[in-house]
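Coordinate inspection notes
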Amino acid sequence: MFYTELNSNIDYSRDNLRWNAWGAYGQDFFRVGQMQEILGFLADEFKITDIRKTPPVALEEITLSKSNLTPTQIRELGKICGSKHVSTERRERIFHSAGKSYYDVLRLSFDTLKHFVDGVVYPGKESEISKILEYCSRNNITVIPFGGGSSVVGGLEVVKGKGQKVVLSLDTTRLSALIRLDRESHLATFQAGIYGPKLEKTLNDQGFTLGHFPQSFEYSTLGGWIAARSAGQQSNRYGKIEEILTSLKVVTPAGTVETLREPASSTGPDLNQIFAGSEGLLGVISEATIKVHKLPETRKYFGIVFPDFSSGVDFIREVNHREIPTSMIRLSDKSETRLYQTLGTYRGRI
């Protein structure tokens with residue numbers, strides 16, 4: 001999917017984002033009441049006579065132990081980034097303790113998630129990240145970086161190190177500004193907590209595009225893309241995030257690492273490639289310089305129907321071997337094509 005009409009007005013406040021499912025309230029893929037049609041379709045497909053209703057538990061029913069953050073620790077963290085940006089509130093702790101994989105969603109929905117962060121901190125400056133990490137290092141507190149929370153590989157799993165009693169989630173989403181746009185070199189520097197739609201709209205308003213559209217685009221951040229080494233829907237044309245990345249800043253308890261803002265280097269190892277995909281283990285990504293492109297004058301989309309799947313594979317191989325420039329080619333098998341056609345008959349945004 002390519003987001004030709006960017007939804008840059010999503011309310012990303014933590015109260016508006018679903019704590020036990022993907023997305024935000026009021027941003028459903030299907031219209032109200034349409035899920036019954038979907039369930040009926042699935043029942044027919046899988047020959048199920050009865051689909052049991054298994055409603056998720058309420059937020060208030062989640063088994064949540066008392067936070068291990070002491071009043072002194074809360075007060076000291078509040079001195080760094082402001083008391084209103086430190087939270088041990090129930091919803092905040094639950095929301096920041098899991099990603100959005102099916103495994104995560106099931107555990108939250110049925111109250112089987114065992115471990116939760118003890119608190120959440122929202123730094124607003126790079127210097128605040130540094131002070132938070134220094135403080136946590138001195139006080140043996142585990143820190144888990146958090147962007148959009150869309151991880152599906154266990155990157156937000158609450159795991160304590162030896163002797164550690166407190167786990168703190170460091171939410172980067174207050175750092176969401178464009179720092180500079182180099183029109184001559186086609187480079188843009190953003191704070192890493194910016195969400196995908198805001199980043200793309202900011203560039204579009206200046207006549208540029210990043211061209212990076214992972215499936216999590218609406219609910220993930222630039223720093224998260226880098227930490228997860230994400231691929232976009234149009235990576236054929238624009239590249240994966242590690243190919244788009246030119247330089248970054250990573251804040252660690254021992255200091256801040258800043259890689260060279262150069263297009264290429266003959267020396268190694270390339271630190272960008274080490275931090276890309278590190279899932280927050282090496283530090284908190286606070287800033288990144290990325291390659292951007294002029295907005296295309298036109299966009300063309302079209303579909304081709306093949307007699308069988310193998311013919312489609314041969315076609316894609318031929319396109320690649322001839323080096324025909326495309327931004328995206330996607331091949332669906334018979335079942336997936338029929339699913340899309342069926343869903344396309346339902347009204348609503350899908």
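The paragraphs below set out a description of the structure included in this document.

What counts and what doesn't
- Note on numbering: residues in each chain are counted from 1, in written sequence order.
- Local features in this predicted model are restricted to residues of pLDDT 70 or higher, and side-chain atom pairs are both shown and tallied only at a pLDDT of 80 or more, whereas totals for entire chains, interfaces and linings draw on every residue.
- The side-chain numbers reported here are obtained from all heavy atoms of the structure, hydrogens and water having been left aside.
- Note on exposure labels: buried denotes an accessible area under 20% of the residue type's maximum, exposed denotes more than 50%, and partly exposed covers the range between, all computed with a 1.4 Å probe on protein chains only.
- We count a stretch as a helix when DSSP gives it H or I for four or more residues in a row; a strand needs E for two or more, and each element gets its number in order from the N terminus.
- Stacked, tilted and edge-to-face pairs are distinguished by plane angle, under 30 degrees for stacked and over 60 for edge-to-face with tilted covering the rest, among Phe, Tyr and Trp rings (Trp via its six-membered ring) whose centres lie within 6.5 Å.
- For a Lys NZ or an Arg CZ to count as sitting over a ring, it must be within 6 Å of the ring centre and within 35 degrees of the ring normal.
- Paired strands are those between which DSSP finds at least two bridges.
- For this analysis, residues touch if any pair of their heavy atoms sits within 4.5 Å.
- Where helices are involved, their axes are fitted lines through C-alpha atoms of the stretch in contact, as for all axes, and angles between N-to-C directions lie from 0 to 180°.
- Charge assignment in this entry is limited to Lys and Arg as positive and Asp and Glu as negative, and neither His nor the chain termini are counted.
- Salt bridges are counted wherever a side-chain nitrogen of Lys or Arg sits within 4 Å of a carboxyl oxygen of Asp or Glu.
- Polar contact criterion, stated in full: a pair of N or O atoms within 3.5 Å, where within protein one must be able to donate a hydrogen and the other to accept it, and residues adjacent in sequence count only if both atoms are side-chain atoms.
- Like charges are joined within 9 Å and nonpolar side chains (Val, Leu, Ile, Met, Phe, Trp, Tyr) within 5 Å, but only among residues with over 30% relative accessible area and no salt bridge; these make up the patches.
- Areas reported as accessible are Shrake-Rupley estimates using a 1.4 Å probe. Residue values count occlusion only from the protein chains shown.
- Charged groups are reduced to one reference atom each: NZ for lysine, CZ for arginine, CG for aspartic acid, CD for glutamic acid.

**What about helix 4 (residues 102-109)?**
In an α-helix, one turn spans 3.6 residues; hence positions three or four apart end up facing the same way. Every buried residue of helix 4 is accounted for by Asp 104, Val 105, Arg 107, Leu 108 and Ser 109. Once helix 4 ends, the next one or two residues include Asp 111, with phi positive near 55°.

**Brief notes about the packing of aromatic side chains**
The tally for this structure, following the rule as stated, stands at 7 aromatic pairs. Between the aromatic rings of Tyr 12 and Tyr 195, the centroid separation amounts to 3.7 Å while the plane-to-plane angle is 5°, which identifies the pairing as stacked. On the criterion of sequence distance, the pair formed by Tyr 12 in the segment before helix 1 (35-45) and Tyr 195 in the loop between strand 6 (187-191) and helix 6 (196-204) is long-range, its members being 183 residues apart. The exposure classification of Tyr 12 matches that of Tyr 195, with both residues buried. Following the ring pairs from residue to residue traces out a cluster consisting of Tyr 12, Trp 22, Tyr 195 and Tyr 219. For Lys 294, the ring lying beneath its charged end belongs to Phe 208, and the centroid distance is 4.8 Å.

**Some details on the sheet that holds strand 3 (residues 142-146)**
Read across the open sheet, the 4 strands follow the order 1-2-4-3; overall the sheet is mixed. The sheet is open, and its two edges are formed by strand 1 (86-87) and strand 3, each paired on a single side. Here strand 2 (residues 119-121) pairs with strand 4 (residues 167-171) via 3 bridges, running parallel. Bridge pairing in strand 4 links Val 121 to Leu 170. Lying on the sheet, helix 5 (residues 126-138) is in contact with strand 2, strand 3 and strand 4; it crosses strand 4 at an angle near 175°.

**Focus on the pairing of strand 6**
Buried residues dominate strand 6, accounting for 5 of its 5 residues. Across 4 bridges, the pairing between strand 5 (residues 178-182) and strand 6 is antiparallel. Bridge pairing in strand 6 places Arg 180 opposite Thr 189. Between the end of strand 5 and the start of strand 6, which pair antiparallel, lie 4 residues, with His 186 showing a positive phi angle near 60°. Here strand 6 runs beside strand 10 (residues 284-291); their pairing, made up of 5 bridges, is antiparallel. Among the inter-strand pairings, Ala 188 is bridged to a residue of strand 10, identified as Ile 290.

**Some thoughts on the side chain of Asp 118**
Note that Asp 118 resides in the loop between helix 4 and strand 2. The buried charged residue Asp 118 lacks any salt bridge, with Arg 93 as its nearest oppositely charged partner at 4.2 Å. Beyond its immediate stretch of four places on either side in the chain, Asp 118 contacts Lys 66, Ser 67, Asn 68, Leu 69, Thr 88, Arg 93, Lys 165, Val 166 and Val 167.

**Here's the deal with the pattern of salt bridges**
Applying the stated rule across the entire model yields 14 salt bridges. Where Arg 338 meets Glu 45, a salt bridge forms, and the shortest distance between an N and an O atom there is 3.0 Å. Of this pair, Arg 338 sits in helix 12 (residues 334-344) while Glu 45 sits in helix 1, and the two are 293 residues apart along the sequence. You can call Arg 338 partly exposed: its relative accessible area is 40%.

**Comments concerning the environment of Arg 52**
Within the fold, Arg 52 resides in the loop between helix 1 and helix 2 (71-81). Take Arg 52: its relative accessible area is 70%, and that puts it in the exposed class. Sequence separation between Arg 52 and Asp 333 is 281 residues; the distance between their C-alpha atoms is 30 Å.

**Re the environment of His 212**
Relative to the helices and strands, His 212 is located in the loop between strand 7 (208-209) and helix 7 (222-228). On the basis of relative accessibility, which here comes to 1%, the residue His 212 falls in the buried class. Counting along the chain gives 50 residues from His 212 to Glu 262, while the straight-line C-alpha distance between them is 20 Å. If sequence neighbours within four positions are ignored, His 212 has contacts with Phe 217, Trp 225, Ser 230, Ala 231, Gly 232, Gly 239, Lys 240, Ile 241 and Ile 244. Side chain to side chain, His 212 and Ser 230 meet in a polar contact 2.7 Å long.

**What about a positive patch on the surface?**
A cluster of basic residues, Lys 84, Lys 125, Lys 131 and Arg 174, forms a positive patch at the surface. Structurally, the position occupied by Arg 174 is in the loop between strand 4 and strand 5. Overall, Arg 174 belongs to the partly exposed group, its relative accessible area being 35%.

**Observations regarding the sheet that holds strand 10**
With respect to topology, 5 strands assemble into an open sheet ordered 5-6-10-8-9, the strand pairing being antiparallel. Of all strands in the sheet, those with a lone pairing partner are strand 5 and strand 9 (255-258), marking the two edges. With direction set aside, neighbouring strand axes in the sheet form an average angle of 10°. In this sheet, strand 9 lies alongside strand 8 (residues 245-252) in antiparallel orientation, the contact comprising 4 bridges. Pairing of Val 250 across the sheet is with Val 257, part of strand 9. Strands strand 8, strand 9 and strand 10 of the sheet are contacted by helix 5, whose axis makes an angle of about 45° with strand 8. Across the sheet, helix 6 is in contact with strand 5, strand 6 and strand 10; its angle to strand 6 comes to roughly 140°.

Read these as geometric descriptors, not functional statements.
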